[in-house]
Amino acid sequence: MFTGIVTDIGTVRTVAPRNDVRRLTIQSAYDPATIELGASIACSGVCLTVVATGADSFDVEAAPETLAVTTAGNWREGRRLNLERAMKIGDELGGHIVQGHVDGVATVADREDLGETTRFTFEAPAELARFIAPKGSVALEGTSLTVNEVDGARFTCLLIPHTLAHTAWANVQPGDRVNIEVDMMARYAARLAEFR
């Protein structure tokens with residue numbers, strides 16, 4: 001489980017395909033001595049398992065399903081990733097409950113730099129649009145964001161300067177594809193409503 005509060009920006013150092021799996025070495029400011037093998041780290045919203053650590057990096061492996069459903073299949077050397085380590089019992093829940101189980105990929109339809117804030121408009125996959133509501137939560141690239149407006153499959157989120165400075169969002173532009181995980185509570189509410 002995660003909270004959608006990014007705690008580091010990692011950089012993909014190497015990508016090594018092996019059969020149908022990709023092994024990625026990710027440079028990070030995390031102290032490798034504190035990362036257990038088998039630990040979960042959300043990488044731009046994708047929960048990946050640590051299989052090795054280095055002096056200033058950790059390795060993860062992305063399986064075929066992950067490569068097919070998320071943007072991980074397009075990650076190359078130099079790609080910046082939003083990182084978050086799994087939460088511990090008793091940690092502050094600053095964002096919302098995020099599982100790291102990416103539902104799909106949304107497209108950035110527009111970016112408006114408004115001075116202090118930046119408004120992003122996203123186009124969600126049609127099958128996920130019903131889970132996105134004004135003032136609700138959504139995880140995009142592993143970042144817990146509040147939905148401002150919704151119009152069909154399109155929705156907007158406003159990012160404050162702190163978020164732009166402390167995540168990999170600064171360089172995101174229209175046309176980019178981003179990982180999306182809808183709010184777990186919205187998913188369960190919709191599922192329950194189907195059986196009424």
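Above this note sits the structure.
So, how was this worked out
Residues numbered from 1 in each chain as written. Predicted model: local features only at pLDDT ≥ 70, side-chain atom pairs only at ≥ 80, totals over all residues. Heavy atoms only, no water. Pairing = 2+ DSSP bridges. Helix = DSSP H or I, 4+ residues; strand = E, 2+ residues; numbered from the N terminus. Axes fitted to C-alpha atoms, helices over the stretch in contact; angles between N-to-C directions. Patch = residues over 30% accessible without salt bridge, like charges linked within 9 Å, V, L, I, M, F, W, Y side chains within 5 Å. Areas by Shrake-Rupley, 256 points an atom, 1.4 Å probe, with all protein chains shown as cover. Salt bridge = Lys/Arg side-chain N within 4 Å of Asp/Glu carboxyl O. Buried < 20%, exposed > 50% of the residue type's maximum accessible area, 1.4 Å probe, protein only. Contact = heavy atoms within 4.5 Å.

## Some remarks on the sheet that holds strand 8 (residues 118-123)
So, step 1. The strand order 7-8-11-10-9-12 describes a closed barrel built from six strands, whose pairing is antiparallel. Across the sheet, the axes of successive neighbouring strands diverge by a mean angle of 45°, strand direction being ignored.
So, step 2. With six bridges connecting them, strand 8 and strand 11 (residues 154-159) associate as antiparallel partners. Its bridge partner being in strand 11, Glu 123 is matched across the sheet by Arg 154.

## Overview of a nonpolar patch on the surface
So, step 1. A cluster of nonpolar side chains, contributed by Met 1, Leu 93 and Ile 97, occupies part of the molecular surface with about 260 Å² of accessible area.
So, step 2. Residue Leu 93 is classed as partly exposed on the basis of its relative accessible area, which comes to 42%.

## Remarks on the side chain of Thr 66
So, step 1. Mapped onto the elements, Thr 66 comes out in helix 1 (residues 64-69).
So, step 2. Apart from the residues within four sequence positions on either side, Thr 66 is in contact with Val 46, Leu 48 and Ala 72.

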